[in-house]
Amino acid sequence: MSWLNRIHHTSRWVGVLGPLEWRLLEALWSRGTPSSVRDLAAAFPDSAYTTLMTTLDRLHRKGLLTRDKHGRAFRYQPALGRAEFASARAGEAVRHAVQRSEGSLTPLVSYLIEAVGDRDRELLDELESLVAARRREARESRDAKSKR
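Given the structure is predicted, the values throughout are model-derived calculations rather than measurements. (Residues numbered from 1 in each chain as written. Predicted model: local features only at pLDDT ≥ 70, side-chain atom pairs only at ≥ 80, totals over all residues. Heavy atoms only, no water.)

Caption draft 1: Looking closely at the nonpolar core. Judged by nonpolar contacts, the single largest core of 19 residues is most densely connected at Leu24, Leu40, Phe44, Leu56, Leu65 and Phe85. Of all the secondary-structure elements, those providing two or more residues to this core are helix 2 (19–31), helix 3 (37–41), helix 4 (49–61) and helix 5 (82–100). Considering every element that reaches this core, the biggest residue donor is helix 2, with 6 residues. Excluding anything up to four places from it in sequence, Leu56 contacts Leu24, Leu28, Val37, Leu40, Leu65 and Tyr76. (Core = buried A, V, L, I, M, F, W, Y, C linked by side-chain atoms within 4.5 Å. Buried < 20%, exposed > 50% of the residue type's maximum accessible area, 1.4 Å probe, protein only. Helix = DSSP H or I, 4+ residues; strand = E, 2+ residues; numbered from the N terminus. Contact = heavy atoms within 4.5 Å.)

This is how it looks when you write it as structure tokens:
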């Protein structure tokens, strides 16, 4: 599954994580290797072993973790890297804003362009190229349909 499909598949869950779920994801990203509940338990002294096990299973069912059987235990790892996860969160926020927009999307797009421009001029150029490419695709698709 491509990273874009993985992001789309998991994006519906990225905004609905509890504090322990976030902490477990952070711990797994920091460790960088598949980890069992036992591996993670020392970093969570205020959480019961069974609570960690249930929370990891919940993250797995949400598609945010993958797991493999190692002996009698599961070892978990994030299905997405930090950057991919951040993209999924941003994508879900934009999708939500677009769906709930009752008027013009200009304020949302203007804010995005301003935020990107303040941070990275090269990224702003890349965004402009993506918009131009998308316009070309739409024009070519429209032209192909009109020739039929």
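Caption draft 2: Molecular detail of the packing of aromatic side chains. Under the definition given, this model contains 3 aromatic pairs. Taken together, a centroid distance of 5.4 Å and an interplanar angle of 85° make the contact between Trp22 and Phe85 edge-to-face. Linking Trp22 in helix 2 with Phe85 in helix 5, this pair joins segments that are 63 residues apart in sequence. Residue classification places Trp22 among the partly exposed residues on the basis of a relative accessible area of 24%. Taken together through their ring pairs, the aromatic side chains of Trp22, Trp29 and Phe85 make up a single cluster. Over the aromatic face of Phe74 sits the side chain of Arg67, whose NZ or CZ is 3.9 Å from the ring centroid. Over the face of the ring belonging to Phe74 we find Lys69, whose NZ or CZ atom lies 4.7 Å from the ring centre. (Phe/Tyr/Trp six-rings, centres within 6.5 Å; stacked < 30°, edge-to-face > 60°. Lys NZ or Arg CZ within 6 Å of the ring centre and 35° of its normal.)

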